Structure formats: C-alpha cells, structure tokens
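# Coordinates in review
Residues per chain are reported as follows:
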Amino acid sequence: MEQLEEKIAHLTRTVEELSDVVARQDTEIALLTRRVQMLMEREAGREKDGGGGIVVGDERPPHY
C-alpha cells in the first residue's frame, strides 16, 4: 500500500509540473502569435505604401 501511495504522490507531482509547463507554453505561444500578427500587419502596411522591396541578404548593393 505504501508503494502505491508513493507512486501516486510522484505521479501527482509530475502532472502538476507538466501542467505548469503547458500553462507557460500557452502564455508564450499567445505572445508569439501576437508578435507575428503585428509583424504581418507592419509588412502589409509597407507593401501598401510601396516600400515592400525584397531584400536578399547576400545581394550586392547597387553601388558596386
């Protein structure tokens, strides 16, 4: 009986820890989703204003 109680206590602690992890991940996902949405809106505004040129990292500047 004592072994079962120990196992239940261990499993209960593990479930609580996992619940905390899931809650933190939910908060982080919500924050990241808002940030992505803001970036998408910002980019849409740039494209609308005509400044949405494509920038390629390895492309040489025009003055070369």
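Residues numbered from 1 in each chain as written. Predicted model: local features only at pLDDT ≥ 70, side-chain atom pairs only at ≥ 80, totals over all residues. Heavy atoms only, no water.

## Some words on the overall build of the chain
When helices and strands are tallied, the chain shows 1 helix and 0 strands. The 64 residues of the chain split such that 0% are buried. Of the roughly 6,500 Å² of accessible surface on the chain, 57% is carried by carbon and sulfur atoms. (Helix = DSSP H or I, 4+ residues; strand = E, 2+ residues; numbered from the N terminus. Buried < 20%, exposed > 50% of the residue type's maximum accessible area, 1.4 Å probe, protein only. Areas by Shrake-Rupley, 256 points an atom, 1.4 Å probe, with all protein chains shown as cover.)

## Some details on the pattern of salt bridges
Scanning the entire structure with this criterion turns up 2 salt bridges. With a closest N to O distance of 3.5 Å, E17 and R13 form a salt bridge. Of this pair, E17 and R13 both sit in helix 1 (residues 2-49), 4 residues apart, which is roughly one turn of the helix. Of the residues examined, E17 reaches a relative accessible area of 44% and is grouped as partly exposed. Taking the relative accessible area as the measure of exposure, R13 reaches 47% and is therefore partly exposed. (Salt bridge = Lys/Arg side-chain N within 4 Å of Asp/Glu carboxyl O.)

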